Amino acid sequence: MSSKPDREAIWRAILTAQRPNALAKARCRHLYGLMPSTSRCKVCHRPFGGLWHWIGHRRSNKNPRFCDLCIKLCDPGNQGGAEVELSMLFVDARGSTRLAEQMSATEFSRLMNRFYKAATAVLIQTDAYIDKFVGDEVIGLYVPWFTGPNQNHAQAAVQAAQKLLQVTGHRDKQGPWLPVGVGVHTGPAFVGTVKGAEDTVNDVTALGDNVNITARLASEAGAGEALISEAAYHAAGLDFGHLEQRQLELKGKSAPVSVRVFKS
């Protein structure tokens, strides 16, 4: 009698980029690498476009640098997940309610679409799993599944935070075209599937206290600021010289949270 596979262990192996079929994957990567293509999946090296597109192998909508087949390794149709360490980034617009009052709904939608485009471009470049858009906020998850086992996911998230301030114009003399604040934190969270009633909505996301901390850091950040938790700052291993330190009293937290403040 065969035992059922440990679904949590499988998810953890995938999320931490330590898949048990690594040898087979390496062979596939070699074969795919021999096929001519101007672009290919960062994980499996499967070419994009041409025949591969027609037979159903396409870029993932969570990050087009990866193919949808690699993303389906964690199929939202299969309930499950695992608790793993990752870095999380939340970026949201400041004063969006006031801005919406000052322009038409169409004009505001154009502004927000510009924000979504700029933010996701940074997240794509830094190998984030683009979790979701929530109103005036964009969420990126940095897991070894996407960044790779040899890349520092905290470092990628911190560098993305810096870039987000730049692309929204916070370093421009005339000021930002949209004021934003960023929160970055590193710690364990549950990464897995969530489902709605009768399986009408399903997705992969991150849940837990550390996700909430990241969201609150973003909400506490002033326009042109990235609040980087001490955990993320030390995990990133980057030297920014002297950065302002703050002790924040976050809602729901019994102890202050220490952060480093990066300003544009």
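Here, every reference points to the structure presented above.
All values derive from a computational prediction rather than experimental measurement. (Residues numbered from 1 in each chain as written. Predicted model: local features only at pLDDT ≥ 70, side-chain atom pairs only at ≥ 80, totals over all residues. Heavy atoms only, no water.)

Participant: Mind laying out the nonpolar core, listing which residues take part and the relevant values?
Facilitator: Core analysis: the biggest nonpolar cluster contains 36 residues, and Leu89, Val91, Phe115, Tyr142, Val182 and Val184 have the highest contact counts within it. Mapped by element, the contributors of at least two residues to this core are strand 3 (81-93), helix 6 (105-125), strand 5 (137-142), helix 8 (153-167), strand 6 (180-195), strand 8 (225-229) and helix 10 (230-236). The leading source of residues in this core is helix 6, at nine residues. Ignoring anything within four residues of it in the chain, the contact list for valine 182 reads Leu89, Phe90, Val91, Ala161, Leu164, Leu165, Leu217, Ala218, Ala221, Glu225, Ala226 and Leu227. Residues Cys41, Trp145, Val191 and Val204 belong to the second largest nonpolar core, which totals 25 residues. (Core = buried A, V, L, I, M, F, W, Y, C linked by side-chain atoms within 4.5 Å. Buried < 20%, exposed > 50% of the residue type's maximum accessible area, 1.4 Å probe, protein only. Helix = DSSP H or I, 4+ residues; strand = E, 2+ residues; numbered from the N terminus. Contact = heavy atoms within 4.5 Å.)

Participant: Explain the pairing of strand 2 (residues 63-67) to me, and be specific about the residues and the numbers.
Facilitator: Sheet topology places strand 1 (residues 59-60) next to strand 2; two bridges connect them, and they run antiparallel. Paired with arginine 59 across the strands is cysteine 67, a residue of strand 2. Where strand 1 folds back on strand 2, the antiparallel hairpin that results is connected by two residues. (Pairing = 2+ DSSP bridges.)

Participant: I'd love a proper account of the packing of aromatic side chains, names of residues and values included.
Facilitator: Applying the stated criterion across every chain, the model contains seven aromatic pairs. Relative to phenylalanine 146, the ring of tyrosine 129 lies with its centre 5.4 Å away and its plane at 70°, an arrangement referred to as edge-to-face. Placement of the pair is tyrosine 129 in strand 4 (residues 129-134) and phenylalanine 146 in helix 7 (residues 144-147), with a sequence separation of 17 residues. Each member of the pair tyrosine 129 and phenylalanine 146 is classed as buried. Members of the aromatic cluster, connected to one another through ring pairs, are Phe115, Tyr116 and Phe133. (Phe/Tyr/Trp six-rings, centres within 6.5 Å; stacked < 30°, edge-to-face > 60°.)

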